[in-house]
Amino acid sequence: MAENPTLTWEDVAHRYGRKIYSFAYRLTGNPDDAADLVQEVLLKVRKGLDSYSPGSFEGWLWRITRNTFLDGVRKKQRRPTTPLPEGDHIDIGASPSPDEVLASVRLSDDVQAALLKLPYDFREAVVLCDVVGLTYEEIADAADVPVGTVRSRIHRGRSMLRGLLTWPV
């Protein structure tokens, strides 16, 4: 990507949209929140694409996704919301279901629930490595931490996941 500075917004949405959604879904645990996050990320990419200077494009993209997610978490902490009671909203059904979108990277409900129990830094590292498929260097660039920290977070995150997924004997 770094060799092609003339990347258009449509190219980014087409090539990375599914990966961004997968990462967003693993971070939020909610298909609606993940879709909102993807939309915000793509809007920020559209605004920032002209000023992007060649470098690690994927690192830039994952950093935008990460920061947008953290901004949303902070915003929810400042303004908590309550969901509508069942039956007070209609199901429009205009977009494809999360099962269709995530068919290729579907995780079991147990694994997704365990991921959501991990502290954010560990969850981010494990998802970017094991679900999105980034290298340690790309994760370090996206999270703005040293590669050693990424390795530690992935190791500790996987250990925590094993502990959460192991059945008591």
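Right, let's talk about empty space enclosed by the protein for a bit. Applying the stated criterion across every chain, the model contains one cavity of 30 Å³ or more. In this structure, the largest cavity spans a volume of roughly 30 Å³. For the lining of the largest cavity, the elements supplying multiple residues, two or more each, are helix H6 (120–132), helix H7 (136–143) and helix H8 (147–165). Top element by residues in the lining of the largest cavity is H6. It accounts for three residues. When the residues that make up the lining of the largest cavity are grouped by side-chain class, the tally is five nonpolar, no polar and three charged.

So, on to unusual backbone geometry. Among all residues except glycine, the phi angle is most often negative; among peptide bonds, the trans geometry is most common. Positive phi is not limited to glycine here, since Asp144 has a value of about 60°. By the element assignment, Asp144 lies in the loop between H7 and H8. Judged by its relative accessible area of 64%, Asp144 falls in the exposed class.

All right, on to the confidence of the model for the chain then. On average, residues of the chain score 79 in pLDDT, and 78% of them are at 70 or above. Within the chain, the lowest mean pLDDT, 50, falls on helix H4 (residues 98–101), and the highest, 92, falls on H8.

Another aspect to go through is the nonpolar core. Of all hydrophobic cores here, the largest spans 43 residues; its most connected members are Val12, Ile20, Val45, Phe57, Leu61 and Trp62. Elements with a minimum of two residues in this core: helix H1 (9–28), helix H2 (31–48), helix H3 (57–78), helix H5 (109–117), H6, H7 and H8. Element by element, the count of residues in this core is highest for H1, at eight residues. Apart from residues lying up to four places away in sequence, Leu61 is in contact with Val12, Tyr16, Ile20, Val41 and Val45.

The subject of this paragraph is the side chain of Thr68. On the secondary structure map, Thr68 appears in helix H3. A distance of 3.3 Å separates polar atoms of two side chains, one belonging to Thr68 and the other to Lys44. In this structure Thr68 touches Leu37, Glu40, Val41 and Lys44, once residues within four positions along its chain are discounted.

Parameters at a glance
- For every chain, the first residue of the written sequence is number 1, and numbering continues from 1 onward in sequence order.
- In keeping with the predicted nature of the model, local features appear solely for residues at pLDDT of at least 70, side-chain atom pairs appear and are counted solely at 80 or more, and the whole-chain, interface and lining totals rest on all residues.
- Each side-chain value is derived from all of the structure's non-hydrogen atoms; neither hydrogens nor water enter the calculation.
- A pocket, in this scheme, is an open set of points on a 1 Å grid over the protein atoms alone with protein on both sides within 12 Å along at least 5 of 7 lines, while a cavity is a set where a 1.4 Å probe fits but cannot get out; residues line either one if an atom lies within 4 Å of a point.
- Grid points are joined across faces, edges and corners, and a volume is the space filled by probe spheres set on the points.
- By definition, any uninterrupted DSSP run of H or I lasting at least four residues is a helix, any uninterrupted run of E lasting at least two residues is a strand, and each is numbered from the N terminus.
- Under the grouping applied here, Gly and all other residues not named as nonpolar or charged are polar, the nonpolar ones being Ala, Val, Leu, Ile, Met, Phe, Trp, Tyr, Cys and Pro and the charged ones Asp, Glu, Lys and Arg.
- Each residue gets one of three labels from its accessible area relative to the maximum for its type: buried under 20%, exposed over 50%, partly exposed in between, using a 1.4 Å probe on protein chains only.
- pLDDT: the predictor's confidence for each residue, scored from 0 to 100.
- Put simply, buried Ala, Val, Leu, Ile, Met, Phe, Trp, Tyr and Cys residues joined by side-chain atoms within 4.5 Å make one nonpolar core.
- Contacts are assigned to residue pairs with any non-hydrogen atoms lying within 4.5 Å of each other.
- For the purposes of these results, a polar contact is taken to be a pair of N or O atoms within 3.5 Å, where, inside protein, one atom must be able to donate a hydrogen and its partner to accept one; residues adjacent in sequence count only when each atom of the pair is a side-chain atom.

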